Structure formats: C-alpha cells, structure tokens
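Each chain, written out:
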Amino acid sequence: SVLLVAPTAMAGQLGFSHKLTAPDGASGDRFGTSVAIDGNRVLIGALGDNDNGRDSGSAYLFDTTTGSLLQKLTAPDGGNWDNFGVSVAIDGNLALVGAYGDDDRGYDSGSAYLFDTTTGSLLHKLTVPDGTYWDNFGGSVAIDGNLALVAAYGDDDNGSDSGSAYLFDTTTGSLLHKLIAPDGASVDVFGRSVAIDGNLALVGAYGDDDNGRYTGSAYLFDTTTGSFLQKLTAPDGASGDYFGSSVAIDGTRALVGAHYDDDNGTNSGSAYLFDTITGSLLQKLTAPDGASGDYFGSSVAIDGTRALVGAHRDDDNGDASGSAYLFDTTTGSFLQKLTAPDGANFDERSEEHTSELQSHLNLVCRLLLEKK
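Criteria and cut-off values
- Per-chain numbering applies: the sequence of each chain, read as written, is numbered from 1 onward.
- Per-residue local features are limited, in this predicted model, to residues with pLDDT of at least 70; the limit for side-chain atom pairs, both in listing and counting, is 80 or more; totals at the level of whole chains, interfaces and linings are taken over all residues.
- Note that the side-chain values use all heavy atoms of the structure and ignore hydrogens as well as water.
- Within this analysis, patches are made of residues with over 30% relative accessible area and no salt bridge. Like charges are joined at 9 Å or less; nonpolar side chains (Val, Leu, Ile, Met, Phe, Trp, Tyr) at 5 Å or less.
- Calculation of accessible area relied on Shrake-Rupley with a 1.4 Å probe; when residues are assessed, cover is drawn exclusively from the protein chains displayed.
- Salt bridge, as used here: a side-chain nitrogen of Lys or Arg that lies within 4 Å of a carboxyl oxygen of Asp or Glu.
- Under the DSSP-based scheme used, a helix requires at least four consecutive residues in state H or I and a strand at least two consecutive residues in state E, with every element numbered from the N terminus.
- Any two strands are treated as partners once DSSP identifies two or more bridges connecting them.
- For helices, the axis comes from a line fit to the C-alpha atoms of the stretch in contact; other axes are also lines fit to C-alpha atoms, and the angle between any two N-to-C directions lies between 0 and 180 degrees.
- We define a nonpolar core as any set of buried Ala, Val, Leu, Ile, Met, Phe, Trp, Tyr and Cys residues linked to one another through side-chain atoms lying within 4.5 Å.
- The buried label applies to any residue whose accessible area, calculated with a 1.4 Å probe on protein chains only, is under 20% of its type's maximum; exposed applies above 50%, and partly exposed to all values in between.
- We call two residues in contact when some of their heavy atoms are within 4.5 Å.
- Each residue carries a pLDDT value, the predictor's own confidence for that position, ranging from 0 to 100.
- The definition of a polar contact used here is a pair of N or O atoms within 3.5 Å, where within protein one atom must be able to donate a hydrogen and the other to accept one, and adjacent residues in sequence count solely through side-chain atom pairs.
- Two aromatic rings from Phe, Tyr or Trp, using only the six-membered ring of Trp, form a pair when their centres are within 6.5 Å; if the ring planes differ by under 30 degrees the pair is stacked, by over 60 it is edge-to-face, and anything between is tilted.

**Q** An account of a nonpolar patch on the surface is requested, with residue identities and associated values reported.
**A** Together, Tyr107, Tyr133 and Trp134 give the surface a local cluster of nonpolar side chains, amounting to about 410 Å² of exposed area. If you trace the backbone, tryptophan 134 turns up in the loop between strand E10 (122–126) and strand E11 (137–144).

Below, the structure written as structure tokens:
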C-alpha cells in the first residue's frame, strides 16, 4: 500500500490524506515498488503483478483528490519477469514506466513504455539501438515536458556495469542523446538514480570511487545538447557512502543522498544540497534523531523550498518501519518528521529498489507544494 500525505491547517506541516491499495492486489505484487506524482494524478508501480506472466508487472494511476483508481497500465507485449513498474514517472498527460527485465535486445536488456494518462493508451515503447543483455534499461526513469530520461545502469560502455542514461523526445519517441560519465569506470552503476528538470538532467553513480570504493558521485548534464556540466561529490565523502544512490533536482537546487554515510553512526546516512549552477555544496542534511542503520538518504525529493529525505530503516514504529524528514532548503533547517499512521515492523523497502523510495518521497513532496 501507499500512503499519501497532504498539508494540514498548520502552515508548513503535513497530514495523512489517503492510503492507496490495488483493487486486484495479491501476495507478491509489490505494489508501491515505485511512485510518482504530478498535479492530481499519482502513478504506482507493482513489478511483481502477474497479469502477463510471472512478475510481468503493472502500474496503477490514481486520482490524488479522491483516492480512486483511474487506469491500470500493463505492457501490451509483457512477459515473465519483465518487472514492468520497477520505475515510474509522470508529467501532465504522460506516464513513463520502466521494465528493466524486458528481453527485446537480450536477457534483461530492458525497455520503457510511454502512456497517455487520459486514455491509458500506449504511445511509444522505448528501447535503444545499442541495447544488450543485462543493461537493465528502464531501471530508473524521469520525465519533464517533452523529454524522458531512461537509465541503463548495467550498460558497459566504460566497463562492466559502468552505466548510461538516454534522453528521448516524448512526442516522437526518438532518441536524442546518450549520456555517459566522462570519467566512467566498471561498476560505477551510473544511472542507478536519475532526475530531470527543464534543461538539466542529474544522474547518480553510487559506485564511483573518487574518494574511495563506493564513495559515489552525481553528474549534471544539459538536456538540450547532452553535454556534461558538473560532477558533484561529497566534500567529506568516504568509502562505502553510496553518494548518488538517490537524486532529485528542482531549478537551481540538486539533492543527492548518501545513505551509508556515518555521521550519526554506521550507515546512519545523509543528503547533500547543491547549487546546480556553480556545483557548490549548500547544505548537508542529517536526521536530528539519526542512528546507526537508519539509511537516511536512501530516497530524496525536492520542490521549491522543501526537501524530503527518507530513512527506510528508522525504527519509530518498530524495526525498519521507516520514516521521512522534511527540511527547508534555504536554511537547511529541519521542519517535520513523517511516519506512517499504521506503520509496523519491516515496512521498509529493500535496498534493491532505492529508486522506489525516492519516488515515494517525490510523491509526498509534490503534494505538499501542489495542495498549498
């Protein structure tokens, strides 16, 4: 299930709005694998749904005002273990759904599907001409206006699992640019997280090794030209921080999670706020009650003057029940802690899908801003 959060009467505060579940949900569907929101529409992935075969996957479109189901989306050519719904994005009347297990260009080469949210009809299936087995194209997706960003973090252009990301025109479905890290190397997993806003694309590579093994980094690109702009790293980065496991962008602000950072104990986690123009660090965010094993920063979202950071193993409602923290991006000050009203032991999401958590938080952050 997925919890929606909306502002309460108290300025700047969030309150519970809706709990969404799939009307045909079943064991192992993993409804809530990924979540995205725009306006009064929310899109929720269920990569384990079995409509087109075992773990073929699906995505559900809901109205955020009423909580009612509008459309169930599936791949018309879906098959076993496609995992359609592992990643989702939505903007206006367009919905983008990743299926990183699709096999059109080899085992787990991956694909992404673009839908019309009004009718539920498929507009384009996105694949890449250089796709091959284990690329996991579609493992993370983002969309803004007429641009779609789809990552293939298993791509091997700069070495095994160095990773890449592809920019598409949503009107024609045509490929515009392939993005790769200028200093990419094996196991960087460039593209494990992606975000896009206007003429900027942000791509995380938590396996990058600039400050030690798996310190991580994030790369800013110009979406018009496909050119590389900035590389973002944590000034206090250390081995195993996984900086770049989650990313978000809005205007001149970029937010990057490092959920294995150790400021409040081993794997307590942190998030870093950057200026996208200069690449300079503005704030480092940590949980005021952070503790070892919380994984604060496993998911991030940003909109305007608000940033939201997830900690999927926080223990307020039981072991690994999870929480999220709201911050002011101007001052870096902590505003509010969010927990599920029906939270329980092990409600967390697995690390395998940190992008799922990012999408959950994107949902909450958008609701805060859009319903004021």
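Once you've had a look at it, read on.
**Q** Tell me about the sheet that holds strand E24 (residues 306–311), residues and numbers included.
**A** In space, the 4 strands of this open sheet follow the order E23-E24-E25-E26, with antiparallel pairing throughout. Among the strands making up the open sheet, the edge pair consists of strand E23 (296–303) and strand E26 (334–338). Averaged over all neighbouring strand pairs, the angle between strand axes comes to 20°, with direction disregarded. Looking at chain direction, E23 and E24 are connected through 6 bridges and run antiparallel. The residue bridging serine 299 from the neighbouring strand is glycine 310, located in E24.

**Q** Which residues make up the nonpolar core, and what values go with them?
**A** The nonpolar side chains of soluble globular proteins are, as a tendency, buried together. If you look at the biggest cluster of nonpolar residues, it comprises 16 residues, and the most contacted ones within it are Leu149, Ala165, Leu179, Phe190 and Phe221. Elements supplying a minimum of two residues to this core: strand E12 (147–152), strand E13 (164–169), strand E15 (193–197), strand E16 (200–205) and strand E17 (217–222). Among all residues touching leucine 179, those that are not within four sequence positions of it are Leu149, Ser164, Ala165, Leu167, Phe190, Ala201, Phe221 and Gly226.

**Q** Give a detailed account of the pattern of salt bridges, specifying residues and quantitative values.
**A** With the rule as written, the count across this model stands at 21 salt bridges. Lysine 178 is the salt-bridge partner of aspartate 130, the closest N and O atoms lying 2.6 Å from each other. Taken together, the positions of aspartate 130 in the loop between E10 and E11 and lysine 178 in strand E14 (residues 175–179) put the pair 48 residues apart, joining distant regions of the chain. Residues joined in a network through salt bridges with shared partners are Asp24, Asp49, Asp51 and Lys72.

**Q** So, the confidence of the model for the protein chain: which residues are in play, and what are the values?
**A** Chain-level pLDDT for the protein chain is 90 on average; 89% of the residues reach the 70-or-more range. A low-confidence stretch, residues 349–372 (pLDDT under 50), is modelled with 90 contacts involving residues beyond four sequence positions or located in other chains.

**Q** Quick rundown of the environment of glutamine 71? Include the residues and the values.
**A** If you trace the backbone, glutamine 71 turns up in strand E6 (residues 69–73). Taking the C-alpha atoms as reference points, glutamine 71 and leucine 61, separated by 10 residues in sequence, lie 5.0 Å from one another. Apart from the residues lying within four places of it in its own chain, the contact partners of glutamine 71 are Ala59, Tyr60, Leu61, Thr117, Thr118, Thr119 and Gly120. Among the polar contacts listed, one links the side chain of glutamine 71 to the backbone oxygen of threonine 118, at a separation of 3.5 Å.

**Q** Account for the packing of aromatic side chains, with residues named and values stated.
**A** Here the structure, examined in full by the defined rule, presents 22 aromatic pairs. On the numbers, 6.0 Å between centres and 80° between planes, the contact of phenylalanine 296 with phenylalanine 327 is edge-to-face. Within this pair, whereas phenylalanine 296 is found in strand E23, its partner phenylalanine 327 is found in strand E25 (residues 323–328), the two being separated by 31 residues in sequence. Each member of the pair, phenylalanine 296 together with phenylalanine 327, is buried.

**Q** Kindly report on the environment of aspartate 261, identifying the contributing residues and their values.
**A** Assignment of secondary structure puts aspartate 261 in the loop between strand E20 (253–258) and strand E21 (270–275). Along the primary structure aspartate 261 and aspartate 241 are separated by 20 residues, whereas in three dimensions their C-alpha atoms are 4.7 Å apart. Each residue touching aspartate 261, except ones within four places of it in the same chain, is listed here: Asp241, Asn267, Ser268, Gly269, Ser270, Tyr272 and Lys284.

**Q** Any chance you could break down the pairing of strand E19 (residues 243–250) for me, citing the residues and the numbers?
**A** Within E19, 7 of the 8 residues are buried, leaving the element largely enclosed by the surrounding structure. Taken together, the 6 bridges between E19 and E20 define a ladder with antiparallel strand orientation. Bridge pairing in E20 links serine 246 to glycine 257.

**Q** Describe unusual backbone geometry, naming the residues involved and giving the relevant values.
**A** Non-glycine residue aspartate 108 carries a positive phi angle of around 55°. Mapped onto the secondary structure, aspartate 108 falls in the loop between strand E8 (94–99) and strand E9 (111–116). For aspartate 108, a relative accessible area of 18% corresponds to the buried category. Look at valine 187: it is not a glycine, yet its phi comes out positive at around 65°. For valine 187, the location among the structural elements is in the loop between E14 and E15.

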